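# Inside the fold
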Amino acid sequence: MTRKQALTQAISRLSGDKECKEVIAILQDIYDEMPFNHWTDKAIRDTVEQFILDNGYVPATNNFGRKGMPSNVVMERRYKMPLKDWLDLNYPNRLKDPKEIEAERLAGFVEEYKRLKPVGPREYNTQRKEGVISWATAAGYLGLGGWRALISELGLPVYEREKQERKLRKLNVTFYSDMDEEAKKLRPGLSGLADYFARRI
């Protein structure tokens, strides 16, 4: 039972007693002023539980800071963690806000990009792990239309394919003239025209 429910029951039970009119009025004021400015752990949890009872679902991050709910800053200061993490810890099966889902998917894209170090969008899409969004989906979340714009917006490094050094191969080439070939036919064993004429002298 939340404090708000307890107040409602107390007011209901005392409403039939004419001598409790003043008490009922004070309790009603307390009820109307809830939650109080000082957000204790109990007050926060009661407020979240009351939200669930009133709306039928666990509040998302964008529900905090509205009327009757502690702000994101209050939650982070109180529990020393981001509001999203607090909700995941206390309500792991909750329905997440679309913006939370987008943020998680973008974080997955960044992590996968850094792992793959792709030089272009095609390489990223073909090598990314199953379940990680494509680069086009990531760009769509940010309202961007190109690969380079996406990488720049997220502040990611640009990777380039390493250039391979060309190694020069040494080839031994022997040139023969028509006269060399004729000389070999005339005197087998001669290595060249010069030798042929040298032997004839």
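This section reports on the structure supplied with the text. Predicted, not measured: the structure shown is a model, and the values here were computed from it. (Residues numbered from 1 in each chain as written. Predicted model: local features only at pLDDT ≥ 70, side-chain atom pairs only at ≥ 80, totals over all residues. Heavy atoms only, no water.)

On to unusual backbone geometry, then. You will see that Lys80, though not glycine, has its phi angle at about 55 degrees, which is positive. Locating Lys80 in the fold gives a position in the loop between α4 (72-79) and α5 (83-90). A relative accessible area of 72% means that Lys80 is categorised as exposed. Here the phi dihedral of Lys117 falls at roughly 55 degrees; this positive angle occurs in a residue that is not glycine. Counting through the fold element by element, Lys117 comes out in the loop between α6 (98-116) and α7 (121-127). Accessibility expressed as a relative area gives 45% for Lys117, which makes it partly exposed. (Helix = DSSP H or I, 4+ residues; strand = E, 2+ residues; numbered from the N terminus. Buried < 20%, exposed > 50% of the residue type's maximum accessible area, 1.4 Å probe, protein only.)

We now examine the environment of Gly65. Along the chain, Gly65 turns up in the loop between α3 (41-55) and α4. Residues Gly65 and Met75, 10 residues apart in the sequence, show an inter-C-alpha distance of 9.8 Å. The contact partners of Gly65, leaving out residues within four places of it in the chain, are Pro70 and Ser71. (Contact = heavy atoms within 4.5 Å.)

Where charged atoms from two side chains of opposite charge approach closely, those side chains can pair. Counted according to the given criterion, the structure contains 8 salt bridges. The partner of Lys84 in a salt bridge is Asp85, and the shortest N-O contact between them spans 3.5 Å. Close ionic contact of Asp88 with Arg94 constitutes a salt bridge, the shortest N to O distance being 3.0 Å. Exposure remark for Asp88: the relative accessible area of 22% places this residue in the partly exposed category. Accessibility expressed as a relative area gives 7% for Arg94, which makes it buried. Three or more residues are tied together by salt bridges with common partners; here these are Lys84, Asp85, Asp88, Arg94, Glu100 and Glu104. (Salt bridge = Lys/Arg side-chain N within 4 Å of Asp/Glu carboxyl O.)

Turning our eyes to something else, we now look at the packing of α3 against α4. At a minimum axis distance of 11 Å, the contact between α3 and α4 shows a crossing angle of 130 degrees. Considered as vectors, α3 and α4 are oriented oblique to each other. As α3 packs across α4, the resulting crossing turns out to be left-handed. Where α3 abuts α4, its residues Asp41, Ile44 and Arg45 lie against Met75, Arg78 and Tyr79. Looking at the contact of α3 with α4, its residues break down into 3 nonpolar, no polar and 3 charged. (Axes fitted to C-alpha atoms, helices over the stretch in contact; angles between N-to-C directions. Parallel < 35°, antiparallel > 145°, perpendicular 65-115°, else oblique. Left-handed = near helix turned anticlockwise from the far one by under 90°. Nonpolar A, V, L, I, M, F, W, Y, C, P; charged D, E, K, R; others polar.)

None of the figures reported here should be taken as evidence of function without further support.
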